[in-house]
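As a plain string of letters, each chain reads:
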Amino acid sequence: MKALVIGATGATGKVLVRQLLCDDDFNEVVIFIRKKWDIQHPKLVTHLIDFEEIDEWKYLIQGDVAFSCFGTTLKQAGSKQQQWHIDYDYVMQFAQYAKSNGIQNFILLSSKGASEKSKIFYSKLKGTIEHSIYNLRFENTIILRPSLLLRPDTDRKGERVSASLLKFFNSLGFFKSYKPIELVKVANRMRLESKNHFCRRLILESNEI
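What you see is a predicted model; the values in this text were computed from it and never measured. (Residues numbered from 1 in each chain as written. Predicted model: local features only at pLDDT ≥ 70, side-chain atom pairs only at ≥ 80, totals over all residues. Heavy atoms only, no water.)

In this model helix α3 (residues 80–100) runs 29 Å from its N-terminal to its C-terminal C-alpha over 21 residues, within 8% of the 30 Å that 1.5 Å per residue would give. Taken together, the buried positions of α3 are Gln 83, Ile 86, Asp 87, Tyr 88, Tyr 90, Val 91, Met 92, Phe 94, Ala 95 and Ala 98. For α3, the elements touching its buried residues are β1 (2–6), β2 (28–33), β4 (65–68), α2 (74–77), β5 (105–109) and α4 (121–135). Gly 102 lies just past α3 and shows a positive phi near 95 degrees. (Helix = DSSP H or I, 4+ residues; strand = E, 2+ residues; numbered from the N terminus. Expected span 1.5 Å × (residues − 1). Buried < 20%, exposed > 50% of the residue type's maximum accessible area, 1.4 Å probe, protein only. Contact = heavy atoms within 4.5 Å.)

In structure tokens, the structure reads:
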């Protein structure tokens, strides 16, 4: 199979790409990235692109399965409006061209609590993306909603503190549905689900991953 990945240089994306490269079921892994990533492999094809100029590279969106690990933070984006533009518009443009180019399988990394009806900006953003991806009606649409991702080498203080607090409360029996999850498990489930072509639409909550 030929896999396409956006968000390949993010925490989960990097793990997913490495897993795909080691999986014999995938003979080619194509990544679309904005900045050079120092990784080489015989099966890896890297395209340095500008998401604002997708018309210039939309013809490259050809394959069997498309993965989106794409996403930014409010701090990185600078404003809610810009975060929506990056997280929603970029992903949807990619997905729309994937659909029109005949790709049948789309795997989306979302977030726990995603809902287009949510009053929380981030949850509403992720929920709106999910809804729009569903409406494209790929043969297979798989959405994963992990809780806080455990990244061993994270440099985000807030992430480390949140993980420690959740682990503490989990040990007391509280907030079990918000139990932090290792990103390697999330990436692995994305990879495995992409192989099951059963004409389905599936949402996997964090405790199901």
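Okay, back to it.
In this section: the sheet that holds β2. Read across the sheet, seven strands follow the order β3-β2-β1-β4-β5-β6-β9 without closing on themselves; strand pairing throughout is parallel. The open sheet has two free edges, formed respectively by β3 (44–48) and β9 (201–205), since each of these has just one partner strand. Strand-to-strand twist in this sheet, taken as the mean axis angle between neighbours without regard to direction, amounts to 15 degrees. Taken together, the four bridges between β1 and β4 define a ladder with parallel strand orientation. (Pairing = 2+ DSSP bridges. Axes fitted to C-alpha atoms, helices over the stretch in contact; angles between N-to-C directions.)

Within this structure, the stated rule accounts for nine salt bridges. Residue Asp 23 pairs with Arg 191 through a salt bridge whose shortest N-O separation is 2.7 Å. Placement of the pair is Asp 23 in the loop between α1 (11–21) and β2 and Arg 191 in helix α6 (residues 183–193), with a sequence separation of 168 residues. Arg 191 shares its class with Asp 23; the two are buried. Salt-bridge contacts for Glu 193 lead to Arg 189; the nearest nitrogen and oxygen are separated by 2.8 Å. Here the residue Glu 193 and the residue Arg 189 both occupy positions in helix α6, the gap between them amounting to four residues, near one helical turn. The exposure class of Glu 193 is buried, given its relative accessible area of 8%. Each of Asp 23, Asp 25, Arg 191 and Lys 195 takes part in one network of salt bridges that share partners. (Salt bridge = Lys/Arg side-chain N within 4 Å of Asp/Glu carboxyl O.)

Residues Asp 50, Glu 52, Glu 53 and Glu 56 make up a contiguous surface patch of negative charge. Residue position: Glu 53 is located in the loop between β3 and β4. (Patch = residues over 30% accessible without salt bridge, like charges linked within 9 Å, V, L, I, M, F, W, Y side chains within 5 Å. Areas by Shrake-Rupley, 256 points an atom, 1.4 Å probe, with all protein chains shown as cover. Lys, Arg positive; Asp, Glu negative; His and termini not counted. Charge placed at Lys NZ, Arg CZ, Asp CG, Glu CD.)

Fair warning: the whole summary comes from geometry, so function is off the table for now.
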